[in-house]
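# Analysis of the macromolecular model
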Amino acid sequence: MKNNIVQVEQKKCFGCRSCEQRCPQSCITMQESEEGFLYPAVDGSRCINCGICVKHCPALGVGTKETSRCICKVCWLKDEKKLFESTSGGVFAGIAEQVVEAGGVVFGAAYDENLCVRQTAADTVEALGALKGSKYVESDTGDTFARTKKLLESGRTVFYTGTPCQIAGLKAYLERAYDNLVTADLICHGVPSHKLFEKYLEWKGKKTGGKIIYVGFRDKDVGGCSCLDGKIKTKTKTKTLSSLLDPYYASFIRCETYKESCYTCPFAPLQNRYADITIGDFHELRRIPEYRDKPFDMEKGVSLAVFHTDKGIRYFEKIRQKFECFDVHAEDFIDIKSNVRVPSARPAVRGILYTGIDVLPVKEFFKRFKEANCFYPLYFYSRRLLAKLIPQPVKNRLKELLKK
């Protein structure tokens, strides 16, 4: 058996690029699968079977893990302008600003000019704007692990944010802990491929009547934090992006389009996280009886922050005065925020949704998504109306009959 990264099955690979960036022969390249996800390919004529790529693969459980704490807080920025600019409560924004103002560098996901999502560096407060907001698509890490290592060894502080597997990949690449590195991962559901996102942008552009130049998932100005809706823009139009009626967005929420490794992700449970901090929105907070009467405006956004290390706590304490926050317990939200306990379940439809993505015309391809049917909104709102009109005892009886 060859002692290189090909021994890792695609369904377990996260595409983090740790193996590629660590290869001493530079014989590993990331290539796009038929579905559009990135996986490593090895040039066998140059590979010396040294095993270094295998030793730095997060799928095989390697990396420097500093996790030891589980201190949980609900937070939101006092500065309402900055809070509005953030997807949730602004924990990322607060720490990121502190780091760049002290001369450090922040890495996070940003759109490029073609709406490709890439891990991108920012070393000014202005540049941080591109890193804010949710991007529901696989982010390409590029050479950012190698760049992070150089920055750390030059003495600069780095704040690296990404999905749990990306942080595990970074730690596997680095091999050792750095005092000047702070990391944050996300409460992650999973990621669709960029090829699917490109296909969607083409389809959406034809329906909207122009090239899509902006996509914002969960934009607060179209309904607030708990609404989950977003917006898209062409040069002449701005339209709401419904989380329930848009085929890309709705299928993402239903967990139907993720990378295969997302459904068995070993980094979902909080105790398996490699980051210093886990952050995510907490629009479900009022579902916990104890917090229903807390003085906060859910529509402005709140964050859940879980601190795994003393370093993570230390960095937050530097900006603590910028936030309103209170403590919560993991047992309060572990079932509500299921992706801090288990990975997303793989729906049966996942096996067919990417079929023909390269060959089918965009209109034909999107017929498999029910939300792409022009009559679906009528069906959707009719069901909602009936649900309101039918008395609850009748609903319960219907459910019992359907179960039988």
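Right, let's walk through the structure included here. From a predicted model like this one, the values you see are computed outputs, not experimental measurements. (Residues numbered from 1 in each chain as written. Predicted model: local features only at pLDDT ≥ 70, side-chain atom pairs only at ≥ 80, totals over all residues. Heavy atoms only, no water.)

Take the overall build of the protein chain next. Each helix and strand counted, the protein chain has 14 helices and 13 strands in total. A compact globule built from 404 residues would reach a C-alpha radius of gyration of about 22 Å, and the protein chain, at 22 Å, matches this within 12%. Based on the C-alpha atoms only, the size of the protein chain along its principal axes is roughly 65 × 55 × 50 Å. Looking at the protein chain as a whole, 52% of its 404 residues qualify as buried. Considering only contacts in the protein chain between residues 6 or more positions apart, those separated by 24 or more positions represent 69%. Element-wise, carbon and sulfur atoms account for 53% of the exposed surface of the protein chain, whose accessible area totals about 19,100 Å². Across the protein chain, 64 positive and 49 negative side-chain charges occur, with their mean positions spaced 4 Å apart. (Helix = DSSP H or I, 4+ residues; strand = E, 2+ residues; numbered from the N terminus. Rg over C-alpha atoms; globule rule 2.2 N^0.38 Å. Buried < 20%, exposed > 50% of the residue type's maximum accessible area, 1.4 Å probe, protein only. Contact = heavy atoms within 4.5 Å. Areas by Shrake-Rupley, 256 points an atom, 1.4 Å probe, with all protein chains shown as cover. Lys, Arg positive; Asp, Glu negative; His and termini not counted. Charge placed at Lys NZ, Arg CZ, Asp CG, Glu CD.)

In this description, a pair of aromatic rings is defined by centroid distance and the angle of the planes. Within the structure shown, the criterion is met by 32 aromatic pairs. On the basis of an interplanar angle of 50 degrees and a centroid distance of 5.9 Å, the ring pair of Y136 and Y249 is categorised as tilted. Within this pair, whereas Y136 is found in the loop between β5 (117-122) and α5 (144-153), its partner Y249 is found in helix α8 (residues 247-253), the two being separated by 113 residues in sequence. Y249 matches Y136 in its accessibility class, with the two residues each being buried. Over the ring of Y178 we find R176; its NZ or CZ atom is 3.8 Å from the centre of that ring. Here the basic side chain of K199 rests over the ring of F365, its NZ or CZ set 5.6 Å away from the ring centre. (Phe/Tyr/Trp six-rings, centres within 6.5 Å; stacked < 30°, edge-to-face > 60°. Lys NZ or Arg CZ within 6 Å of the ring centre and 35° of its normal.)

A separate point is the state of the cysteines. Structurally, a disulfide amounts to a covalent bond that connects the sulfur atoms of two cysteines. For the coordinates displayed, the defined rule picks out 0 disulfides. Free cysteine C19: the closest other cysteine sulfur is in C53, separated by 6.2 Å. Owing to a relative accessible area of 7%, C19 belongs among the buried residues under this scheme. Unpaired in this structure, C262 has its nearest cysteine sulfur neighbour in C188, at a distance of 6.0 Å. Judged by its relative accessible area of 13%, C262 falls in the buried class. (Disulfide = S-S within 2.5 Å.)

All we've got here are geometric facts, nothing functional implied.
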